[in-house]
Amino acid sequence: MSQYNSFYQAIATNRLSHWLDTLPAQLTDWQKNHLHGEYAQWQKVIAQLPVTQTNHLDIKNSVTVGLAEEIEPGQLKRLEHMLKKLKPWRKGPYHIHGLHIDTEWRSDFKWDRLAPHISDLRNRYVLDIGCGSGYHLWRMRGAGAKFVVGVDPTQLFVTQFKAIQHFIKDNGVHLLPLGVEQLPELNAFDTVFAMGVLYHRRSPIDFIYQLKSQLVKGGELVLETLIVDGDENTVLVPGERYAKMRNVWFLPSGEAMCAWLERCGFSNIRMVNTDVTDLAEQRKTDWIDTESLKDFLDPNDPSKTIEGYPAPKRAIFIANK
Ligand SMILES: Nc1ncnc2c1ncn2[C@@H]1O[C@H](C[S@+](CC[C@H]([NH3+])C(=O)[O-])CC(=O)[O-])[C@@H](O)[C@H]1O
């Protein structure tokens, strides 16, 4: 039986039903290709997570499930030990029965920056492309979304989502192990989020069209990406690395990003927020063993990356199909 049966059942009777034409074959393939190796090892961690009972859930203001007194101290220690096998925990934070998964990123900061600007998510079908471990999926559901789907091809993040899902049982929140390029043109979501993904794409214009083809007519795109200062003709294509990341391609200015969205046929385009990432938002914690923002910046001039480019500045764009 496919572990995605509950997803298939959920969409069979909703507006995503035509996804069933292609999805089961893709996911069956994916599962076949991941029977061995690291992913299979991580699934053993998931299978051993303690089973707990709770009525305590807050996904409106944070991602918090369960109270400390609902779990034995020994079980809690074990839980921490198990979850630390799934390091690095990049996006969060999560609170599970009093255990604070203090992730590298405070993803709640990004949520707080965008929340005042987006359309009310109540009753909406929502897609989050490149959702990582799914922190924002829970916040979208907490904001009232009817059905939330995330896609992310990174095995570790898919596993981390499963760990959280083990404690928050909710048939309205799903993560599929897919890349954006594997999505058919669903034209079915009221809101599509694409945050922190555009700069990883080699063809940003194709990417914008892929996002558009997931939206219903009039639907809302919420796109967040790294930008640089400049006019509508300014785009930075860094050398081999940007802030030590190897897979960074296009960093447009805010104006250039708006021009790209317009060129792709979006309307009502606005840049609603810009923010220079600081050490309060991205830092090393007990839940990652690798370097973090401090190591990616020039130690003598934090306004520059270690390679001499402008330090990470992020912007949120909203537009309608
Ligand atoms: N082809 C692909 N299709 C979809 N996703 C992809 C692909 N390739 C990589 N990713 C995923 O895109 C996410 C980018 S992180 C943003 C997370 C969250 N949205 C955030 O806003 O905090 C930003 C960063 O760490 O630079 C990762 O989870 C990748 O696995």
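Structure: above.
Residues numbered from 1 in each chain as written. Predicted model: local features only at pLDDT ≥ 70, side-chain atom pairs only at ≥ 80, totals over all residues. Heavy atoms only, no water.

*Asks:* What's the story with the overall build of the protein chain in this structure? I'm lost.
*Replies:* Along its length, the protein chain carries 10 helices and 17 strands. Against the globule reference of 20 Å for 321 residues, the protein chain gives a C-alpha radius of gyration of 20 Å, in line with a compact fold. Projected onto its principal axes, the C-alpha positions of the protein chain cover 55 × 50 × 40 Å. Taken over 321 residues, the protein chain has a buried fraction of 52%. (Helix = DSSP H or I, 4+ residues; strand = E, 2+ residues; numbered from the N terminus. Rg over C-alpha atoms; globule rule 2.2 N^0.38 Å. Buried < 20%, exposed > 50% of the residue type's maximum accessible area, 1.4 Å probe, protein only.)

*Asks:* Teacher, can you tell me more about the sheet that holds strand β4 (residues 94-96) here?
*Replies:* Backbone-to-backbone hydrogen bonds pair the strands of a sheet. The strands run either parallel or antiparallel. The 4 strands are arranged β1-β2-β4-β5 in an open sheet whose pairing can be described as mixed. Every other strand in the sheet has two partners, leaving β1 (57-58) and β5 (99-101) as the edge strands with one partner each. Where β1 meets strand β2 (residues 64-65), 2 bridges bridge the pair, whose relative direction is antiparallel. If you follow Asp58 over to β2, its bridge partner there is Thr64. (Pairing = 2+ DSSP bridges.)

*Asks:* Looking at this structure, I do not really get the packing of aromatic side chains. What am I missing?
*Replies:* Pairs of aromatic rings are described using the distance from one ring centre to the other and the angle between the two planes. If you walk through the whole model with that rule in mind, you get 10 aromatic pairs. Look at Trp89 and Tyr94: their rings are 5.9 Å apart centre to centre, the planes differ by 75 degrees, and that puts the pair in the edge-to-face class. Tyr94 sits in the buried class, given a relative accessible area of 1%. Following the ring pairs from residue to residue traces out a cluster consisting of Phe7, Trp19, Tyr125 and Phe147. Residue placement shows Lys91 over the ring face of Trp105; its charged tip is 4.4 Å from the ring centre. (Phe/Tyr/Trp six-rings, centres within 6.5 Å; stacked < 30°, edge-to-face > 60°. Lys NZ or Arg CZ within 6 Å of the ring centre and 35° of its normal.)

*Asks:* Explain the sheet that holds strand β7 (residues 125-129) here, please?
*Replies:* Within the open sheet, the 7 strands sit side by side as β9-β8-β7-β10-β11-β17-β14. Their pairing is mixed. Across the chains shown, the open sheet's two edge strands, defined by having one partner strand only, are β9 (173-176) and β14 (267-276). Geometrically, the sheet is characterised by an average inter-axis angle of 15 degrees between neighbouring strands, direction not taken into account. Pairing of strand β10 (residues 189-195) with strand β11 (residues 215-227), which is carried by 6 bridges, proceeds in the parallel orientation. In the strand pairing of β11, Thr191 is matched with Glu220. (Axes fitted to C-alpha atoms, helices over the stretch in contact; angles between N-to-C directions.)

*Asks:* Teacher, can you tell me more about the nonpolar core here?
*Replies:* The nonpolar side chains of soluble globular proteins are, as a tendency, buried together. With 47 residues, the main nonpolar core has Leu83, Leu86, Trp89, Trp138, Met140 and Phe193 as its most contacted residues. Considering each element in turn, this core owes the most residues, 7 residues, to helix α7 (residues 155-167). Residues contacting Met140, with those up to four places away along its chain left out, are Trp111, Leu121, Val126, Asp128, Ala145, Val148, Phe193 and Met195. Counting residues in hydrophobic clusters, the runner-up holds 41 residues, among them Leu186, Ala194, Ile208 and Ala319. (Core = buried A, V, L, I, M, F, W, Y, C linked by side-chain atoms within 4.5 Å. Contact = heavy atoms within 4.5 Å.)

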